[in-house]
Amino acid sequence: LRPRSRLTRLALGVRARAYRAPRSRAALLARRCDSQRPGMSLFKAREWWTASTGSDEEFSPSAFCVADLDNQGGNKVATGSLSGLLRIYQPRQRDYRAEDLLLEQRLDAPVIQLATGLLLPGGTRLALAVLHPRKLVVYEVHAGKQLGAYHSLAKVQEHALDRNTFNMAIGRFGSASQARAVDSIAVQSIDGTVSVFEGDALAFSRLLANSLIPGPWVHSPRADCFFTANSALEVCCYKLSSLTLAQASSESGSGAGAQRKVNADWSTVVGEHVVDIKLGRFTSNPPTSESELIVLGAQTLFVLKEAGAIRYQRRLDMQPSCLCVYSAGEGADTSTGGSDNVLIASATGALLVLREGVSLWSARCDQPPIALSVGTFADVKGMLVSLTERGVTSVLYLGTDPPTTAVGGSHEKDLDYDEMDDEHRRLLGRIREATGGNRAEPTDYLTLRAQVPKTVDPVAERGLGDDDRSSAGPSVTVRVSVAYSGKGPLESVQLLAQCEPPFFCLRESVELSAVQGGSGTPLSVPLVFRCAKDMLPASCKALVVATYTTADGAPRTARAEFDLPLAMVCKVIAPVKNGTYKVTLDTDQPPAQIGELFGDLLALAPGAEAGKAGASVLSLQLASGHDVTVLLSKNAGRYRIQSGSFEPMWQGAHELQQRLRKALPGVNVSFNEPLPLQEYFELIDVHFAARQELAETQAALEQRAQQFRVVQKRLLVRFKDKNPAPLANLDLLLGGTYEQLMELGSKGEAAKKALALATTSLACGTQLINQLIALRFELDEDNAAELRSHLSPQVHDFSEQGWEERTDAALPPAPAPPPSRASQAA
């Protein structure tokens, strides 16, 4: 099972002399790989160990490292996802086992890059540096003290960053790091700013020139310089001394806030996007103290001297995805001067091993890797470690198994260029027909029309087709008519109903077996909508979408949008005189009577309540228990909406504006009071506090669950032992942890309910603020829609991003205040 064959050692460069005189037929086939395309490999990489995440996480190519992370001996594999999960594995044997996962911990931000270095005081132990979008954290990995215990992280350093990060490099920079015998960290941001951290302090920060698109960031310890690639398709070199002097010059220049760009010491044009840069010894017999830059481009492999001259380049017949440079190890041929091996992976899963420009081996992986490394596992040297974009971590070795899904080479078939040209013309003709402006509309289409009643259903009909949520409140049966204009029947039509909470449809999906075409009677489909209690409605709109396929196989859709009646969410009550929150709307026409505007609601109210509601006042009680009152001015066309809470007023203001425009055509509704921003900000604070409470509860629940698993694992180990040791109160600790889990679970459910109420309140408050802003500044429909797209009333919270983060990114930055006279004089 261990890869100790001559071919494996040959592929990894352990026995390079065997390659110079191949004796087996398989070795001769491996030597032919130089003339074969990498995507058409003869062999397949064999899996020795594989671990998958089992979720839909995404991973960055740089969030992957192989090192002795816990300083206990033996290589470990660390991976970090963009969801913030950090995992550490230790492959000990063939195939994955549960004990191979040493650590799985959720960090509070996405993981951009992982790297190790001597970052701890004394410079004798490795530490793990984790790069997040806005901070850099250094951890020390502690191994479990007992058998079966998980590893843990101890935070050593944390640096807050002002810019979004891109990558980092670790090494001993300059004489200061050499004297302290510890490594430093250089972080490159997206805008090209480089920040160098020495220990727990920021040494300096510098902006690089031509850094519109950042590139790989590599440090050379011999030359004490940094190598990167810029947006001009150049490989650049920045010496540390140049960065330091430029910083000192900027600080001594005029203006404390001046920030000058640093030009590169040298640059070499490569003419294509740079995927990765590594340091190594590629060519034979280079100078002993000199390293070479191995640059992986989008289509070419370059080898540059440290001075910038191109020493070697090779055109690649594949789309490369990652690069790995590793030493050939002991037993390599000394006549090559100790050159390194280069391992290149493609986007299709092909692996290519190069040595001095010659292809040693070519193989294929089952899943395309985005990161590669080489290490020793289970006392076997030269094992390949790969990471895919979905987090599948594998330990591979190069064997002679043929691929199971081999495809014959297309290069053996002669190409007919005339036929290709004809096909190209036909496709261009179809594209012009499909995208032409004079394209005729189809005659066979589906039409949806919704018939929405103004009143709710009778009580006797509310139990039809009901479910567990039917007792929430009154129901409304909307009849959707489906008509097809084509000839013949239309089969397999799917109707989907959608509405915002607290509304819900009893049958969200309806499948129609056939819809007859022609001018006959359309098919009527009843849809029953209900409203849940104890929640404010943020929108009364409902949407019905029909999906179908035409006779020629073209997929199409039809939709119908409508408003649910106001009687579902409120009822008329006795007038409420006092209100804590008030909003006044002005009109330019004589006022309309309350009975004319809200006649449908007054018709449903009992006689006593309808009699109390006069011509100038109307009070409504929402399904959530809140009250909203509409007052009419007797002399001028002014209407006041008041309530005991801020967020329910949007229902009264929105409904009043819509009914005024229907009853008084051409009416101009305006709002001339200051915007109630303080009340709106309070809703945002309550919603953000509810999010934080839920996040803290989930974090505590995760910690207690991990503690429960650790204690349970220790108990199982002791129970399986032939001579078990005393439990040492582990059973009591297990019971106490279980009780804490149950308590935190109940607390989490309460936090979810509180967040749901805060979400609906914020959505209603955002609706009201958007309406008042549109009336205050006389925005038309297009500008009002633009405002709603930036300050969205749709409040949806996720674990990685909430409404506050999305709104902060959507809103433009506030304009800077004008400079004062003192600053102008200075």
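Residues numbered from 1 in each chain as written. Predicted model: local features only at pLDDT ≥ 70, side-chain atom pairs only at ≥ 80, totals over all residues. Heavy atoms only, no water.

It is not clear to me how the pattern of salt bridges should be interpreted in this structure. Could you clarify?
When charged atoms on two side chains of opposite charge get close, those side chains can pair. What the rule picks out here adds up to 26 salt bridges. Where R92 meets D100, a salt bridge forms, and the shortest distance between an N and an O atom there is 3.5 Å. Overlapping salt bridges bring together D108, K135, K155 and E158 as one network. (Salt bridge = Lys/Arg side-chain N within 4 Å of Asp/Glu carboxyl O.)

Looking at this structure, how should I read the packing of aromatic side chains?
Any aromatic ring pair is given by two values, namely how distant the centres are and how the planes are angled relative to each other. Applying the stated rule across the entire model yields twelve aromatic pairs. Here Y89 and Y96 contribute two aromatic rings whose centre-to-centre distance is 6.4 Å and whose plane-to-plane angle is 75 degrees, an arrangement assigned as edge-to-face. You can call Y89 buried: its relative accessible area is 3%. Over the aromatic face of F777 sits the side chain of R776, whose NZ or CZ is 5.7 Å from the ring centroid. (Phe/Tyr/Trp six-rings, centres within 6.5 Å; stacked < 30°, edge-to-face > 60°. Buried < 20%, exposed > 50% of the residue type's maximum accessible area, 1.4 Å probe, protein only. Lys NZ or Arg CZ within 6 Å of the ring centre and 35° of its normal.)

Would you mind going over the environment of Q692 with me for this structure?
With respect to the helices, strands and loops of the structure, Q692 is situated in helix α11 (residues 677-720). With 59 residues separating them in the primary sequence, Q692 and A751 have C-alpha atoms 9.5 Å apart. (Helix = DSSP H or I, 4+ residues; strand = E, 2+ residues; numbered from the N terminus.)

Can you walk me through helix α10 (residues 649-663) in this structure?
An α-helical turn contains 3.6 residues, so a residue and the one three or four places further along point in the same direction. The end-to-end C-alpha distance of α10, which contains 15 residues, comes to 21 Å, matching closely the 21 Å that a straight helix rising 1.5 Å per residue would cover. Within α10 the residues assigned to the buried category are M649, W650, Q651, G652, A653, E655, L656, Q657, R659 and L660. (Expected span 1.5 Å × (residues − 1).)

Quick question: what am I supposed to make of the sheet that holds strand β2 (residues 59-67) here?
Strand pairing in a sheet relies on backbone hydrogen bonds. The paired strands run either parallel or antiparallel. Pairing is antiparallel in the open sheet, where four strands are placed in the order β2-β3-β4-β5. Each having just a single partner strand, β2 and β5 (101-106) make up the two edges of the open sheet. The sheet shows a mean angle of 15 degrees between the axes of neighbouring strands, taken without regard to direction. Taken together, the four bridges between strand β3 (residues 76-81) and strand β4 (residues 85-89) define a ladder with antiparallel strand orientation. Counterpart to T79 in the pairing with β4 is R87. (Pairing = 2+ DSSP bridges. Axes fitted to C-alpha atoms, helices over the stretch in contact; angles between N-to-C directions.)

Mind showing me how you'd approach the sheet that holds strand β35 (residues 523-531) here?
Strand order across the open sheet formed by four strands is β30-β31-β35-β33, with antiparallel pairing between neighbours. The open sheet is flanked by β30 (446-451) and β33 (503-505), the only strands paired with a single partner. Strand-to-strand twist of the sheet, defined as the mean angle between neighbouring strand axes without regard to direction, takes the value 30 degrees. Note: strand β31 (residues 475-484) against β35, eight bridges, orientation antiparallel. Its bridge partner lying in β35, V478 is registered against L527.

Before we go on, may I ask you to explain the pairing of strand β32 (residues 490-499) in this structure?
Side-chain direction in a regular strand flips from residue to residue, so the side chains alternate between the two faces of the sheet. Of the pairings in the sheet, the one linking β32 to strand β34 (residues 509-515) comprises six bridges and is antiparallel in character. For V493, the partnering residue across the bridge sits in β34 and is L512. Pairing of β32 with strand β36 (residues 541-549) involves six bridges; the strand directions are antiparallel. Among the inter-strand pairings, Q494 is bridged to a residue of β36, identified as T547.

Teacher, can you tell me more about a nonpolar patch on the surface here?
Taken together, the side chains of L415, Y417 and M420 present a nonpolar region at the surface, about 360 Å² in accessible area. With a relative accessible area of 57%, Y417 lands in the exposed category. (Patch = residues over 30% accessible without salt bridge, like charges linked within 9 Å, V, L, I, M, F, W, Y side chains within 5 Å. Areas by Shrake-Rupley, 256 points an atom, 1.4 Å probe, with all protein chains shown as cover.)

Could you clarify how one ought to interpret the packing of α11 against helix α12 (residues 730-776) in this entry?
Two quantities define a packed helix pair, namely the angle between the helix axes and the distance between the axes. Between α11 and α12, whose axes approach to 7 Å, the crossing angle comes to 160 degrees. If you check the angle between α11 and α12, you find them roughly antiparallel. The way α11 lies across α12 gives a crossing that is left-handed. (Parallel < 35°, antiparallel > 145°, perpendicular 65-115°, else oblique. Left-handed = near helix turned anticlockwise from the far one by under 90°.)

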